[in-house]
Amino acid sequence: MKSLPLTGRDLTLEIIAQIADPLCSIETSLTDDALQGVLASRAVIDAILERGEAAYGVNTGFGALSDVRIAPQDVDALQLNLLRSHAAGAGPLLEARVVRAMLLLRANTLAQGYSGVRPEVITQLLALLNRRVHPAVPSQGSLGASGDLAPLAHLALPLIGEGWVLDSSGGRPIPAADALAAAGLTPLTLKAKEGLALLNGTQMMTALGSLTLLQAERLALTAEIAAAMTVEAVRGSVRPFDARVAELRPHPGHARSAAVMRRLLAHSEIMASHRDCAKVQDPYSLRCIPQVHGAVWDALAAARRTLEIEANAVTDNPLVFPDGDVVSQGNFHGEPVAMALDAMAVALAELGSIAERRIDKLMNPVFSGLPAFLTGHSSHPGLNSGMMIVHYAAASLASENKTLAHPACVDSIPTSNDKEDHVSMGALAARKAAQILENVRWIVAAELLCAAQGLEFRKGAMPGKGVWAAYQAIRAVIPPLEADRSCADDVRRVAQGIADDQWLGAVEAVTGPL
């Protein structure tokens, strides 16, 4: 069993993903320095209560009720009521891995010592994480300011023995009180400020966005492999991927994509076989791979920077400073994350869009020189439809992504009697990006499958070493299409191989890390 001491400032997306795995064997705890900061912050809250001063969320109502003073004997009940009233989420429950990431991120932000909670609140969050007690958190209902209120309320209720948690299979909700008892945990009794400190923040959008980004980076690499396979199958040119081209327009993503394509296509006999053909230029979906895929890489890099900052940020309100100052502000507003995730969604949609265009080129015998719709060697178009509808499905998903990619952050809706009059919709941005990722994974799987079928007709010459490794890995589990069959399971298996890094791993075993 490994240990991860939390400082509040040292999380990476890779650490988040590792601990998000329900099979993770890393236990989390507070460092001594973090503990001292938490205690100092709590002392400020206790001093405010002792002096009877008004402080938002400590002894006042919330939102539009912030001007209502709460009697001293009711300040603890105020926090309990807050958790109960705000647990009003909707929609399907989040997966256990997302919930685990939320628990980690919430503990991490509180560990910085600017929220005024007792250490017991953080240790209870970490206890749920370490003992695999995963709150049942609805995926819908957050406006993204004042943070992810409804999801975080559902995340926090089990701390006090209320609400629901996921059963051991990660699916059916069971009462939190029963799960805490089974795990040997005692429900927490909330004190002043602690309910609010558990709810203000961007931990749902950041958790889901971070896990989606990591998958998107692997998907983007696999999309390079699919593109290289298509270039070989349709006898495209490697010349657009020349390093000198990238140097004249020095976007980092462009240079990276072009370099990956060159490595995948290295030592290609297919390329050499048509060097002197009559083709002058390839269509944009082939010729502009570094420009489009490169822009995707740059967008993902920008999103990564934002998410890593947010994972180690303090997103509470009010903030409690060591000098005794308590500042009401807007660090809970999800706009930075929402914009980053909207940009990631657009980038992923474009990755799927250009992949769909390459599939179209594989289907078209006039351009590709391959049998129409990639029908098998022993069959003929007309009697057999080949991979026609694989392309249709990819086109449908690409079109769906265009709707999903509409930015969530440009919408806002006033709430709390117009006190909270501008919101980020960051949780929606995260959910849409995750759905687009799933759609694009299917599209890229379709391109891999279709490109592998196209390579069946290029057996006279070897493709590049990276392309050949991908082709062999796919053929090890999926046979060529000789006559019509349902391709749904084939695409599904390839998509699962993308999620499991199966094809990427096979290629990198030959090319080295891409």
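Provided above is the structure to which this section pertains.
Every chain is numbered independently, its residues counted from 1 as its sequence is written. It should be noted that, the model being predicted, local features are given only for residues of pLDDT at least 70 and side-chain atom pairs only at 80 or more, the latter also being counted only at that level, while totals for whole chains, interfaces and linings use all residues. Note that water and hydrogens are dropped before the side-chain values are worked out from all heavy atoms of the structure.

A. Up close: the packing of helix α17 (residues 388-404) against helix α18 (residues 426-455). Note on method: axes are straight lines fitted to C-alpha atoms, helices fitted across the in-contact stretch only, with angles between N-to-C directions ranging 0 to 180 degrees. Helix and strand assignments follow DSSP, with helices taken as H or I runs no shorter than four residues and strands as E runs no shorter than two, numbered in order from the N terminus. Packing of α17 against α18 brings their axes to within 9 Å, and their N-to-C directions diverge by 155°. Taken as axis vectors, α17 and α18 run roughly antiparallel relative to one another. By crossing handedness, the relation of α17 to α18 is classed as left-handed. Listed contacts from α18 to Val390, Ala393, Ala394, Leu397, Ala398, Glu400, Asn401 and Leu404 of α17 are Lys432, Gln435, Ile436, Asn439, Val440, Trp442, Ile443, Ala446 and Cys450. In this classification, the charged set is Asp, Glu, Lys and Arg, the nonpolar set is Ala, Val, Leu, Ile, Met, Phe, Trp, Tyr, Cys and Pro, and all remaining amino acids, among them Gly, are polar. For the contact of α17 with α18, the residue count by class is 12 nonpolar, three polar and two charged. Geometric relationships in this document are graded by angle, where less than 35 degrees denotes roughly parallel, more than 145 denotes roughly antiparallel, 65 to 115 denotes roughly perpendicular, and other angles denote oblique. Here is the rule for handedness: rotate from the far helix to the near one, and if that takes an anticlockwise turn smaller than a right angle the crossing is left-handed, while a clockwise turn gives right-handed. We call two residues contacting when some pair of their heavy atoms lies within 4.5 Å.

B. Local environment of helix α6 (residues 149-156). Under the scheme applied here, a residue whose accessible area is under 20% of the maximum for its type counts as buried, over 50% as exposed, and between as partly exposed, the area being computed with a 1.4 Å probe on protein chains only. α6 sits mainly inside the fold: eight of its eight residues count as buried. Where α6 is concerned, the buried positions are Leu149, Ala150, Pro151, Leu152, Ala153, His154, Leu155 and Ala156. Elements in contact with the buried residues of α6: α3 (75-86), α4 (96-110), β4 (138-140), α8 (194-199) and α9 (203-233).

C. Spotlight on the side chain of Arg475. Within the secondary structure, Arg475 is located in helix α19 (residues 465-475). Judged by its relative accessible area of 16%, Arg475 is buried. A polar side-chain atom of Arg475 sits 2.7 Å from a polar atom in the side chain of Glu456. Ignoring sequence-local partners within four residues, the contact set of Arg475 consists of Ala452, Gln453, Glu456 and Pro480. Counted as a polar contact is a pair of N or O atoms within 3.5 Å, where, for protein atoms, one must be capable of donating a hydrogen and the other of accepting one, and residues adjacent in sequence contribute only when both atoms are in side chains.

D. Focus on the pattern of salt bridges. Here, a salt bridge means any Lys or Arg side-chain nitrogen found within 4 Å of an Asp or Glu carboxyl oxygen. Under the definition given, this model contains 24 salt bridges. A salt bridge links Arg42 to Asp46; the shortest N-O distance between them is 3.3 Å. A residue pair is termed a helical-turn pair when its members lie 3 or 4 positions apart in one helix, as Arg42 and Asp46 do in helix α2 (residues 32-51) at four residues. Assessed through its relative accessible area of 8%, Arg42 is described here as buried. Looking at Asp46, the relative accessible area reads 39%, which means it is partly exposed. Between Arg358 and Glu447 there is a salt bridge, with its nearest N and O atoms 2.7 Å apart.

E. Expanded view of the nonpolar core. Of all hydrophobic cores here, the largest spans 166 residues; its most connected members are Met102, Leu198, Leu199, Ile225, Met229 and Leu448. Ranked by the residues each element gives to this core, the list is headed by α9, at 19 residues. Residues within four places of Leu199 in sequence aside, it is in contact with Leu82, Leu83, His86, Arg106, Ser146, Asp148, Leu149, Leu152, Ala153 and Ala156. Nonpolar cores are built from buried Ala, Val, Leu, Ile, Met, Phe, Trp, Tyr and Cys residues. Side-chain atoms within 4.5 Å join them into one set.

F. Region of the structure containing unusual backbone geometry. Across the junction of Ala145 and Ser146, the peptide omega takes the value 5°, indicating a cis bond. Inspection of the secondary structure assignment puts Ser146 in the loop between β4 and α6.

G. Representation of the packing of aromatic side chains. A pair of Phe, Tyr and Trp rings is counted when the ring centres sit within 6.5 Å of each other, with Trp represented by its six-membered ring. The angle between the planes then sorts it: under 30 degrees is stacked, over 60 is edge-to-face, the rest tilted. One pass over the full model with this rule turns up three aromatic pairs. Ring geometry for Tyr56 versus Phe62: centroids 6.2 Å apart, planes at 90°, classification edge-to-face. Aromatic side chains Trp468 and Tyr471 sit 5.3 Å apart centroid to centroid with 20° between the ring planes, which places their arrangement in the stacked category. Taken together, the residues span about one helical turn, with Trp468 and Tyr471 both in helix α19 at a distance of three residues. Note on Trp468: relative accessible area 25%, which makes it partly exposed.

H. Focus on the environment of Ala145. Note that Ala145 resides in the loop between β4 and α6. Ala145 sits in the buried class, given a relative accessible area of 6%.

I. Representation of the pairing of strand β2 (residues 26-30) within the structure. With burial as the criterion, only one face of β2 is covered, namely that bearing Ile26, Thr28 and Leu30; the residues Glu27 and Ser29 on the opposite face remain uncovered. By definition, two strands form a pair when at least two bridges between them are found by DSSP. Pairing of strand β1 (residues 2-6) with β2, which is carried by five bridges, proceeds in the parallel orientation. The partner of Lys2 across the bridge, within β2, is Ile26. With the strands aimed away from the viewer, a crossover counts as right-handed if its path from the first strand over the helix to the second runs clockwise. Read as a crossover between parallel neighbours, the route from β1 over helix α1 (residues 13-20) to β2 is right-handed.

J. Focus on the environment of Val68. Positionally, Val68 belongs in the loop between α2 and α3. Along the primary structure Val68 and Ala54 are separated by 14 residues, whereas in three dimensions their C-alpha atoms are 9.8 Å apart. Filtering out sequence-adjacent residues up to four positions away, Val68 remains in contact with Asn59, Thr60 and Gly61.

K. Fine view of α9. In a regular helix each residue adds 1.5 Å, so 31 residues correspond to 45 Å; α9 covers 44 Å between its end C-alpha atoms and thus fits that length. For α9, a buried count of 29 out of 31 residues is recorded, marking the element as mostly surrounded by other parts of the structure. Where α9 terminates, the next one or two residues include Arg235, which has phi positive at roughly 60°. One less than the number of residues in a helix, times 1.5 Å, gives the span that helix is expected to have.

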